[in-house]
Amino acid sequence: MPEGDAVWRTARRLHQGLSGRTLVRTDFRVPALATADLSGGTITETVSRGKHLLTHIDARAVGGESWTLHTHLKMEGSWRIYAPGERWGKAGHTARVVLDTGEKVGVGFQLGIVELVLREHEDQVVGHLGPDLLGPDWDEHEAVRRLTSDPERPLGEALLDQRNLAGIGTIYRTELCFLTGYDPRSPVSVVADPLRMVRLAHTLLFQNRHLPQIATTGDKRRGRSLWIYGKRNERCPRCGTPIAYGELGEQARSAYWCPSCQPPR
Ligand SMILES: [Zn+2]
């Protein structure tokens, strides 16, 4: 699943490719939006909010409304921009949204969420999110307040909860816990300096925002870019102990930790 930095890059690409252009055709291939038609509207911007994408489409000049197209990549989703008539790189039946501006065509494939809300109601879809690690309004103190609001909650679950911080996925969760020396199963209350942890999360996502893949080690080479994520039973790069693996939380999301460097508390 793409994490906040990858979603940020997707928003940037969509914004650069489509903003300022008027739609000549739209196709929403989800049942709830089967009859929606925003042709004539102008795409004004695409922004990310945590792992959510918000594309603003203003159709007021043609007698419509100001809309927010809310999409989420979830596990397999992606957005691509094509020239008119260009062959799509993915199977057509997996397309969920087509935004055709005549000169550029934005296609969203396998999107986990596709919905249209009036711009003024945008908060209904993203208002629950905590401070956005890559947002212009990033607020580290509010992030700490939310992260520590349930002290008994396992740290790994709290870090992944987008209502606390928006943008962290399973890779950053694992690497953050390793870098700070905490077992992701330990309660949040064991973290001695939550502000440091939140700042580290921000630094990592910010440093990676332009990179094609996540690097937390400072080494961008394939296979060396992460400390322990995806390295079940491999040796800890610090102490040589085999890396442990487990599934955390109701959604049973992957977690890795070094039993020596991240002792249970
Ligand atoms: Zn270790």
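Preceding block: the structure.
Predicted model, so just to flag it, every value in this text is computed and none were measured.

According to the stated counting rule, one finds one cavity of 30 Å³ or more in the structure shown. Around the largest cavity sit G4, W8, S48, G50, D132, L133, L134, A166, G167 and L205, which together line it. Here the residues of the lining of the largest cavity are counted per class, giving five nonpolar, four polar and one charged.

The four strands lie next to each other as β2-β3-β4-β8, forming an open sheet whose pairing is antiparallel. Across the chains shown, the open sheet's two edge strands, defined by having one partner strand only, are β2 (42-49) and β8 (113-118). Strand after strand, the sheet turns through a mean of 20 degrees between neighbouring axes, direction not considered. In this sheet, β8 lies alongside strand β4 (residues 66-72) in antiparallel orientation, the contact comprising six bridges.

Next up on the list: the pattern of salt bridges. For the structure on display, the rule yields 14 salt bridges. Among the salt bridges present, the one from E157 reaches R153, with a minimum N-O distance of 3.9 Å. For E157, a relative accessible area of 24% translates into the label partly exposed. A single salt-bridge network, built from bridges that share partners, covers R153, E157, D161 and R163.

Parameters at a glance
Residues numbered from 1 in each chain as written. Predicted model: local features only at pLDDT ≥ 70, side-chain atom pairs only at ≥ 80, totals over all residues. Heavy atoms only, no water. 1 Å grid on protein atoms, 1.4 Å probe; cavity = no way out; pocket = protein on both sides within 12 Å on 5 of 7 lines; lining within 4 Å. Points joined across faces, edges and corners; volume = space filled by probe spheres on them. Nonpolar A, V, L, I, M, F, W, Y, C, P; charged D, E, K, R; others polar. Pairing = 2+ DSSP bridges. Helix = DSSP H or I, 4+ residues; strand = E, 2+ residues; numbered from the N terminus. Axes fitted to C-alpha atoms, helices over the stretch in contact; angles between N-to-C directions. Salt bridge = Lys/Arg side-chain N within 4 Å of Asp/Glu carboxyl O. Buried < 20%, exposed > 50% of the residue type's maximum accessible area, 1.4 Å probe, protein only.

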